[in-house]
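The primary structure of each chain is shown beneath.
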Amino acid sequence: MTNYLVKPAGTLTLSDYDPSDTGDYDKNDDDKEKAKTATEKLIGRLSGLQERLYANSSHSLLIVLQGMDTSGKDGTIKNVMSGVNPQGCKVVTFKTPSTEELAHDFLWRVHQKAPAKGQIGIFNRSHYEDVLITRVHQRISARKIKQRFNQIKEFEELLSENGTVIRKFFLHISKDEQKQRLEERICDPEKRWKFDIHDLEERELWAKYTEAFEDVLSATSTDCAPWYVIPANHKWYRNLIVAEHIVAAVESMKLKTPTPPEGIDFDTLKIE
């Protein structure tokens, strides 16, 4: 498994990561099919692991997805999580805070959406928006950002200490790839509903977002809540790597099938 881990207490530069990387796979049709087959096997494995996670109700899994516009957060969820039972998996998107939410600390609304024991929670964008968008649009001071970095780490440590395994993925695409995906949305009538004119305004801030993401990933990748920079120019490879890490995360819980109720002889039990 190719790692792509952001080492805790390190300094990250996104230009050191190739968004078109495909690891040990070549970019030909045969290797694409091999990668897709491997992903399908992982999806099947995750289905069984999720059932065990639900049955034990001792741990939970939190998946955080961040990335530039069009980086593939929705597509990752649609593909990688296609085999899980929806009853045990919830996707949350954090939009502009409401008046009530603004009356509390910025993590108040996030804590309420953290997955319960036995559940998988997916944050499609997350509490990290409060140190990304706010910074790029100059709505927050450098002192406040540093303060929030510490609060985020403490919050994630709290979740971890209470049985939540956390995996955070930055879906890394190039500016050229984003341009192509935006053009596809414009040209394809079936995809135009996804297009927002503000996407073009945000694209003009690419360099500022890159700098903000570099600081976020460097400051908040920890042993209990690591970040991974996932090459995302090739969707088939993105799906494979994310699936590998999610399966590994659930396997790290070392969950066993719960013991059946006592006093029942299942070998002789008959149902009329």
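Preceding this paragraph is the structure being described.
Note that the coordinates shown come from a computational prediction; the quantities given were computed from them, not determined experimentally.

(A) The overall build of the protein chain, seen in detail. Looking only at helices and strands, one finds 10 helices and five strands in the protein chain. Dimensions of the protein chain, computed from C-alpha atoms along their principal axes, come out at roughly 70 × 50 × 40 Å. When contacts within the protein chain are restricted to residue pairs at least 6 apart in sequence, long-range pairs at least 24 apart make up 82% of them. Approximately 15000 Å² of the protein chain is accessible, and the part contributed by carbon and sulfur atoms is 48%.

(B) Quick peek at the environment of E211. With respect to the helices and strands, the residue E211 is situated in helix 9 (residues 206–220). Judged by its relative accessible area of 45%, E211 is partly exposed. Sequence-wise, E211 and H172 are 39 residues apart; in three dimensions their C-alpha atoms are separated by 13 Å.

(C) Structural view of helix 7 (residues 175–187). The end-to-end C-alpha separation of helix 7 is 18 Å, in line with the 18 Å expected for 13 residues at 1.5 Å each. Every buried residue of helix 7 is accounted for by E177, Q178, R181, L182 and R185. Mapping the buried residues of helix 7 onto a view down its axis gives an arc of 135 degrees, with all of them on the same face. Set apart from the buried face of helix 7 by more than 90 degrees, the exposed residues are D176 and C187. Tucked inside the fold, the buried residues of helix 7 contact helix 8 (197–203), helix 9 and helix 10 (235–251).

(D) Spatial organisation of the sheet that holds strand 2 (residues 89–92). Judged by pairing direction, the sheet is parallel, and its five strands sit side by side in the order 2-3-1-4-5 without closing on themselves. On the outer flanks of this sheet lie strand 2 and strand 5 (227–231), each paired with one strand and no other. Each strand axis lies, on average, 20 degrees off the axis of its neighbour in the sheet, ignoring direction. Sheet topology note: the strand 4 (residues 164–172)/strand 5 ladder contains five bridges and is parallel. Residue F170 lies in a different strand from strand 5, and its bridge partner there is V229. Lying over the sheet, helix 9 contacts strand 1 (60–67), strand 4 and strand 5, oriented at roughly 135 degrees with respect to strand 5.

(E) Structural view of the nonpolar core. Formed by 70 residues in total, the largest nonpolar core has its most connected members in L61, I63, M81, F169 and I246. Of the residues forming this core, the biggest block, 10 residues, is contributed by helix 10.

(F) Region of interest: the environment of Q147. Position of Q147 among the secondary structure elements: in helix 6 (residues 142–161). Residue Q147 is classed as partly exposed on the basis of its relative accessible area of 30%. Sequence separation of Q147 and Q119 is 28 residues, and the distance between their C-alpha atoms is 30 Å.

Cut-offs and rules
- Residues numbered from 1 in each chain as written.
- Predicted model: local features only at pLDDT ≥ 70, side-chain atom pairs only at ≥ 80, totals over all residues.
- Heavy atoms only, no water.
- Helix = DSSP H or I, 4+ residues; strand = E, 2+ residues; numbered from the N terminus.
- Contact = heavy atoms within 4.5 Å.
- Areas by Shrake-Rupley, 256 points an atom, 1.4 Å probe, with all protein chains shown as cover.
- Buried < 20%, exposed > 50% of the residue type's maximum accessible area, 1.4 Å probe, protein only.
- Expected span 1.5 Å × (residues − 1).
- Arc of directions from axis to C-beta.
- Pairing = 2+ DSSP bridges.
- Axes fitted to C-alpha atoms, helices over the stretch in contact; angles between N-to-C directions.
- Core = buried A, V, L, I, M, F, W, Y, C linked by side-chain atoms within 4.5 Å.

Structural measurements only, silent on function.
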